[in-house]
Amino acid sequence: MSVRAWLATARPAGAGAIACIEVVGAPDGSVERVLGELGCGGLSAGRVAVRTIAGVDRGVVARWDERRASLMPHGGPEIVRRVLGALRACGAEIGQDVPGEPRTDAEMDEAVAAALGRAASARAVDVLLRQPERWSAWRARGGRSDDGRVLAVSAELDRLVAPPLVVALGPANVGKSTLLNALAGRTVAVTADEPGTTRDHVGVNLELDGLTVRWADTPGLGHVGDGALEAARTGAMALLGRAALVVLAGDAGAALTEPPPEAAGAAVLRVALREDLGAALWDADVRVSVRTGRGLEELARAVRGALVGDAALTAPTPWRFWEA
Ligand SMILES: Nc1nc2c(ncn2[C@@H]2O[C@H](COP(=O)(O)OP(=O)(O)OP(=O)(O)O)[C@@H](O)[C@H]2O)c(=O)[nH]1
Ligand SMILES: [Mg+2]
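Below, the structure is looked at part by part. As the structure is a prediction and not an experimental result, all values here were calculated from the model.

Cut-offs applied
Starting afresh in each chain, residues are numbered from 1 along the sequence in its written order. In the order they appear in the text, chains get letters beginning with A and ligands get numbers beginning with 1. Only residues with pLDDT of at least 70 are given local features in this predicted model, and only at 80 or more are side-chain atom pairs given and counted; all residues enter the totals for whole chains, interfaces and linings. Each pair of strands is called paired provided DSSP finds at least two bridges between the two strands. Numbering of helices and strands runs from the N terminus; a helix is a DSSP stretch of H or I covering at least four residues, while a strand is a stretch of E covering at least two. Defined on buried residues, the nonpolar core groups Ala, Val, Leu, Ile, Met, Phe, Trp, Tyr and Cys residues joined through C-beta atoms within 7 Å. Residues are called buried when their C-beta atom has 20 or more other C-beta atoms within 10 Å, exposed when it has 12 or fewer, and partly exposed otherwise; all C-beta atoms are positioned from the backbone. The split into domains, and so the bounds of each, comes from an automatic or database assignment of domains. Distance between backbone-placed C-beta atoms decides contact: two residues are in contact if it is within 7 Å. Think of it this way: take the backbone, place a C-beta atom on it, and check whether that atom is within 6 Å of the molecule or strand, in which case the residue is near it. Residue polarity is assigned by list, with Asp, Glu, Lys and Arg as charged and Ala, Val, Leu, Ile, Met, Phe, Trp, Tyr, Cys and Pro as nonpolar; anything else, Gly included, falls into the polar class.

Quick word on the pairing of strand β4 (residues 57–63)
Moving on, step 1. Here strand β3 (residues 47–53) pairs with β4 via seven bridges, running antiparallel. The residue of β4 that forms the bridge with A49 is V61.
Moving on, step 2. The antiparallel pairing of β3 with β4 creates a hairpin that spans three residues between the two strands, and A54 there sits at a positive phi of about 55°.
Moving on, step 3. Inspection of the sheet shows β4 paired to strand β5 (residues 68–72) by four bridges, in the antiparallel sense. Directly across from V60, in β5, lies its bridge partner M72.
Moving on, step 4. Counting the residues in the hairpin turn of β4 and β5 gives four residues.

Okay, structure coming up:
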């Protein structure tokens, strides 16, 4: 007999708080036996009923199929502890797994298909298709799904599914909006040889080296503008708290080389623009001229690499892609 159970969700105690405890086992009647011992058996597949669960609390019991059931008592920690304790007493192995962790080949294939449907980036396809193999090799070596390496790789690879936010920031009139238009291959932002041209932040999805990112162009810093420009600047700074990457832009004449404190959690890329007008003397990661096209591809690779590194893409460490 092998039955596994784990706490999938529990809202903080309070009105309406509900826990969801998943119970999964082999298709040999063992889930039915455990539910019977808890006093909430006898439900056929597809049925939902309100029952007293393990004599602890009345809650909803959902019987998905022969192998799976969910127990939904109230979500207070004491109730959850007692229900899990009763499950353990019936021989269920209590896991720390996160909801929906696919275990069988069929579950893994189903999860990959679902993630492929959600993924924003072209690069996600290859990486997702390799996951069933990576997980079986990892588990065969006794690897755990809450291993620090899995969590680190997953934090990067999740960006293949949900586009990360990139904020371009820098002095006025260095070519930030022109860069965005060049990367997008179309005019999405107004540009002009005049500081203060960008008056609101413009957000657009861009595909850079196979990674879809949400790119926000912001009003240039340092130029004293009217109230509307100041409001737009404040809005742009607020975006920084959610940015995964800040592109610090500058040119030979002016640069922003230190990220503002609001961007503390983000990676940083220093980009020298308008290089055809003169080489920037500050330490740039990438040098670009939109006019000549120099450095544009290198910039796309650098942005992708800063967000989803080569190591994360190629490492044998598996990805908890079902959570992305
Ligand atoms: N020579 C040259 N000029 C460029 C290049 N990129 C942009 N420019 C020009 O630089 C000027 C400013 O460009 P913008 O893209 O509006 O600059 P910005 O940084 O968005 O300016 P603000 O929105 O005011 O902060 C425009 O006249 C652009 O045509 C480049 O690579 N080479
Ligand atoms: Mg601009």
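Having seen the structure, we can now continue with the description.
Quick notes on the environment of G196
Moving on, step 1. With respect to the helices and strands, G196 occurs in the loop between α7 (176–184) and β8 (202–208).
Moving on, step 2. Once the C-alpha coordinates of G196 and P260 are considered, the two residues, 64 residues apart in sequence, prove to be 19 Å apart.

Quick look at the nonpolar core
Note that soluble globular proteins tend to have their nonpolar side chains buried in a common cluster.
Moving on, step 1. Within the largest apolar cluster, 55 residues are counted, with the highest numbers of intra-cluster contacts made by V166, A243, L245, V246, V247, V271 and V303.
Moving on, step 2. Looking at which domains feed residues into this core, each of domain 2 (110–158 + 310–323) and domain 3 (165–307) gives three or more.
Moving on, step 3. Sequence-distant contacts of V303, that is, excluding residues within four places in its chain, are made with V166, L208, V213, L245 and L269.
Moving on, step 4. Core analysis: the second largest hydrophobic core is formed by 28 residues, W6, L7, V34 and A92 among them.

Regarding α7
Moving on, step 1. Where α7 is concerned, the buried positions are K176, S177, T178, L179, L180 and L183.
Moving on, step 2. Looking at the buried positions of α7, the neighbouring elements they touch are β7 (165–169), β8, β9 (211–217) and β10 (245–250).

Some words on the site of ligand 1
Moving on, step 1. Taken together, 23 residues sit near ligand 1, with G175, S177, D193, T198 and G220 positioned nearest.
Moving on, step 2. Partitioned by chemical class, the residues of the shell around ligand 1 number eight nonpolar, 10 polar and five charged.

A word on the pairing of β7
Moving on, step 1. Counting buried residues along β7, five of its five residues qualify, which places the element largely inside the surrounding structure.
Moving on, step 2. Where burial is concerned, the two faces of β7 agree: the one with L165, V167 and L169 and the one with V166 and A168 are both buried.
Moving on, step 3. Of the strand pairs in this sheet, β7 and β9 are connected by four bridges, and their pairing is parallel. Paired with A168 across the two strands is D217, which belongs to β9.
Moving on, step 4. Taken together, the four bridges between β7 and β10 define a ladder with parallel strand orientation. Within β10, the residue paired with L169 across the bridge is L248.

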